Every structure is written in C-alpha cells, then in structure tokens.
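# Survey of secondary and tertiary structure
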Amino acid sequence: MKILVPVKRVVDYNVKVRVKADGTGVDIANVKMSMNPFDEIAIEEAVRLKEAGVATEVLAVSAGVAGCQETLRTAMAIGADRGILIETDAELQPLAVAKLLKALCDKEQPQAVICGKQAIDDDANQTGQMLAALLGWPQATFASKVVLADGKATVTREVDGGLETLEIALPAVITTDLRLNEPRYATLPNIMKAKKKPLDTVTPDALGVDVAPRLKTLKVAEPAKRSAGVKVADVADLVAKLKNEAKVI
Ligand code: AMP
C-alpha cells in the first residue's frame, strides 16, 4: 500500500510573525521556515504504518517554492521513501493545492492520503476535504487514531464532547489531529540518508493545473494591543467597574 503525505513549508511555529507595513500579508523574509506541525504528525503516522508492514511506500509531496525541497528532505529523514516537489513561485490557495494533489494521486495511485488537518499559516483547514471531494474518495478528518486493514480505514476522530470512530473504504483521505502521535526527531544518520533519497520536481503546468488564486486578501492586521489591567479595591469596586466602565453587567 502506497501512502501519499502532503507536507507544507510554513513559518516555524516558534516565530512571532510580523505583519508587513502595507498590510498585504505577513513578512516571511529571513524568517525560519519548517514543516507544518500537523504534516510532521502525518509523515510519522505513515512511517509507523510502513514499519508495521501495513504500508509499502511513503511518498511526501510539497507544493511551493524551491525551498520546499528542505521540507521534503525532513520528511525523508523521518522515514518517507521519496519526495515530489510541485514547484511554483505562485501564491497557492487550498483549492489549487487540492487540484495539484488530485493530479498527482491520479498518477501515483496511492491507497491513502494522510495530510495535516490545517496549515498553521493560513489556518484554512480545507485542502484535505477539497482533495477528497475532487477525487470522490471518502474522508475522515481530525484523526487521533488510524488503523488500516482489509481495504478499510478505521479512524477515531476528536469531536465536541468525545471521540467518534468511523470506518471508511480505501482509497481515502485522512487528516491528522494533534494527539495522533508524537513525531520522532530526525537523527543525523537519517538526515544524511535522506539526502540520497529520490526527489523529483514537476510544475503545475505539467500536471495541467491552473493555480491562479480565487480569493483576494483585502487586508492583514496585527491583533489590537491589550490595554493594561487595574487592581480593584474590593468586590463592590469590581462590580461598579464592570457595570459602569466595561458595561458588561
Ligand atoms: P490548509 O487547508 O491550508 O489548512 O492545509 C491542510 C493540509 O493540506 C496541510 O496540513 C498539508 O498537509 C496540506 N497542504 C496545504 N498546502 C500545501 C502545500 N502547499 N504543499 C503540500 N501540502 C499542503
């Protein structure tokens, strides 16, 4: 069984992002970039399935600028067998990524796509769902447990107030939630080995996909600064302030 794992290159989660002065987006010049954390979980899950003898090949795919090669090498250091970069400098929105992944799925014929539930830069939470719709495959999102056997996926999902377990037929799209697993650290020998693994590059044109944006960002702004708090003398003072100043009671 082949598992395809899309991995997105995003601003590292430890970086405090800054909005560009003209409000058109977030400044990513000279900022540390890393693999989207939910995609690390997806790669880890696919590699564990391979180690358990369930999967035979783990294919990592990233769409974006040439720098995404680094993200693919990280995926291969965790254990992916090979990588494909869909190289473009264009701004990619979830629908475009889903179309690119659909074109690759048509070519590669994986039995499962395991992707992150959301990218921490755009917080869209759309690509996996759109991909399942384009492929006409079942989907199980926000997985906290995945079992693949007998042509089926049994997926436990985190939902409001508890857990839900679904059984879906393969091929299917599964998206990962935070508690699915704890990704391993890539060891130095595995980082070295990853440099020798195959990494192919294709373009959106070669896949026959038009990636032109469909949505327009009007404005990006920093959250409003919080004003300093005050100490109240007693409960009566607190109630008076809530009533007269905050006007919340
Ligand atoms: P989003 O819908 O943007 O929140 O992204 C959800 C998931 O789709 C991510 O966790 C990735 O697994 C995948 N994805 C989104 N954009 C890309 C990209 N440019 N390259 C590879 N995978 C992506």
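Residues numbered from 1 in each chain as written. Predicted model: local features only at pLDDT ≥ 70, side-chain atom pairs only at ≥ 80, totals over all residues. Heavy atoms only, no water.

Turning to the sheet that holds strand β7 (residues 139-149), a few remarks are in order. Spatial ordering of the open sheet is given by β9-β8-β7-β10-β6-β1-β4-β5-β11, a layout of 9 strands whose pairing is mixed. Edge positions in the open sheet fall to β9 (162-169) and β11 (199-202), since each of these has one partner strand only. Taken pair by pair, the neighbouring strands of this sheet meet at an average axis angle of 30°, ignoring direction. One ladder, built from 6 bridges, connects strand β4 (residues 57-64) with strand β5 (residues 82-87); its direction is parallel. Within the sheet, the bridge partner assigned to G64 lies in β5 and is E87. (Pairing = 2+ DSSP bridges. Helix = DSSP H or I, 4+ residues; strand = E, 2+ residues; numbered from the N terminus. Axes fitted to C-alpha atoms, helices over the stretch in contact; angles between N-to-C directions.)

The next subject is the nonpolar core. Ranked by internal contacts, the top residues of the largest apolar core, which has 36 residues, are I3, V5, I43 and L148. Elements with a minimum of two residues in this core: β1 (2-6), α1 (37-51), β4, α2 (68-78), β7, β8 (152-159) and β10 (172-176). Here the element with the most residues in this core is α1; it accounts for 7 residues. Here V5 is in contact with D39, A42, I43, A46, V58, L59, A60, V61 and I114, once residues within four sequence places are set aside. (Core = buried A, V, L, I, M, F, W, Y, C linked by side-chain atoms within 4.5 Å. Buried < 20%, exposed > 50% of the residue type's maximum accessible area, 1.4 Å probe, protein only. Contact = heavy atoms within 4.5 Å.)

Moving on to the site of the ligand. Taken together, 18 residues sit near the ligand, with D39, A119, N125, Q126 and T127 positioned nearest. One of the side-chain N or O atoms of N36 is found 3.0 Å from an oxygen atom in the ligand. Contact distances for the ligand include 2.8 Å between an oxygen atom and a backbone N or O atom of Q126. For the ligand, whose accessible area on its own is 480 Å², the fraction buried by protein is 98%. Of all the elements, β4 adds the most residues to the shell around the ligand, at 3 residues. Of the residues assigned to the shell around the ligand, the class counts are 8 nonpolar, 7 polar and 3 charged. (Near = heavy atom within 4 Å. Polar contact = N/O pair within 3.5 Å; in protein donor to acceptor, adjacent residues only side chain to side chain. Areas by Shrake-Rupley, 256 points an atom, 1.4 Å probe, with all protein chains shown as cover. Nonpolar A, V, L, I, M, F, W, Y, C, P; charged D, E, K, R; others polar.)

What follows deals with the environment of M192. Topologically, M192 is positioned in helix α5 (residues 188-194). Overall, the relative accessible area of 45% leaves M192 in the partly exposed class. Separated by 16 residues in the primary sequence, M192 and G208 have C-alpha atoms spaced 34 Å apart.

Checked against the element boundaries, A21 lands in the loop between β2 (9-11) and β3 (33-35). C-alpha of A21 to C-alpha of S227: the two residues are 206 residues apart in sequence and 22 Å apart in space.

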